[in-house]
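Examination of the molecular architecture
Here is what each chain is made of, one letter per residue.
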Amino acid sequence: MARRKAGNGEPTERLLAVAGDLTRTSVKTGEMGVAAAQTIGYRTAMMAAALGNPIDFANPEFVRMGSEKVEAMVEATHAVATGVGEAHQAWFALVQGQLQTAMHLVTGLGQCRSPADFVELQRRALTESFEAGLHAAIYMVESAAALTHAGMTPAYRTVRANARRLARVNS
């Protein structure tokens, strides 16, 4: 789901990729809002026209309104469930990295023979802890961005298709 770089990919590049993903998601959200307004306009006009002639309520568009929402919701729910699993993995990576650093620190204490060894052990532990936390946090951000995109994509696709189809039908 998330376009995560393997292991310790360059943090700046990963964050820039997430920013790009979030920007694309924001643009799609705006496009979806415009398309939804168009679709609502077309369908409202169809409903108003059907009030004058009840036979017009047999229009397949009225059935489609409900079924497409259910289909998009099922697809989005599946995508979000997958994304939540990935977010859980990101959280586990954060905890695991800190636990590994703590274990290295504890085992390294027994090998310290001088104050310089102890200072070096502290330096390594601090560096490992920071790097593990940084990469795990970026992984969490990547997962959240991917989750957002995956959850809205079915609705985006459906709303945009409706607006295009209804524009053709009503032109």
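The text that follows walks through the structure, step by step, so that each part is easy to find. On a predicted model such as this, the values are computed, not experimentally measured, just so you know.

Attention now moves to the side chain of Arg-43. Within the secondary structure layout, Arg-43 lies in helix 1 (residues 11–52). Within the structure, Arg-43 has its side chain in polar contact with the side chain of Glu-61 (distance 2.7 Å). What Arg-43 contacts, discounting residues up to four positions off in sequence, is Glu-61, Arg-64, Met-65, Glu-68, Lys-69, Asn-162, Arg-165 and Leu-166.

This part takes up the nonpolar core. Ranked by size, the top nonpolar core spans six residues in total: Met-32, Ala-35, Met-152, Tyr-156, Val-159 and Ala-163. Going through the elements one at a time, helix 1 and helix 3 (115–169) are the ones with two or more residues in this core. The contact partners of Ala-163, leaving out residues within four places of it in the chain, are Ala-35, Gln-38, Thr-39 and Tyr-42. If you look at the next biggest cluster of nonpolar residues, it comprises five residues, including Ala-50, Phe-62, Met-65 and Leu-166.

Rules of the game
- Residues numbered from 1 in each chain as written.
- Predicted model: local features only at pLDDT ≥ 70, side-chain atom pairs only at ≥ 80, totals over all residues.
- Heavy atoms only, no water.
- Helix = DSSP H or I, 4+ residues; strand = E, 2+ residues; numbered from the N terminus.
- Polar contact = N/O pair within 3.5 Å; in protein donor to acceptor, adjacent residues only side chain to side chain.
- Contact = heavy atoms within 4.5 Å.
- Core = buried A, V, L, I, M, F, W, Y, C linked by side-chain atoms within 4.5 Å.
- Buried < 20%, exposed > 50% of the residue type's maximum accessible area, 1.4 Å probe, protein only.

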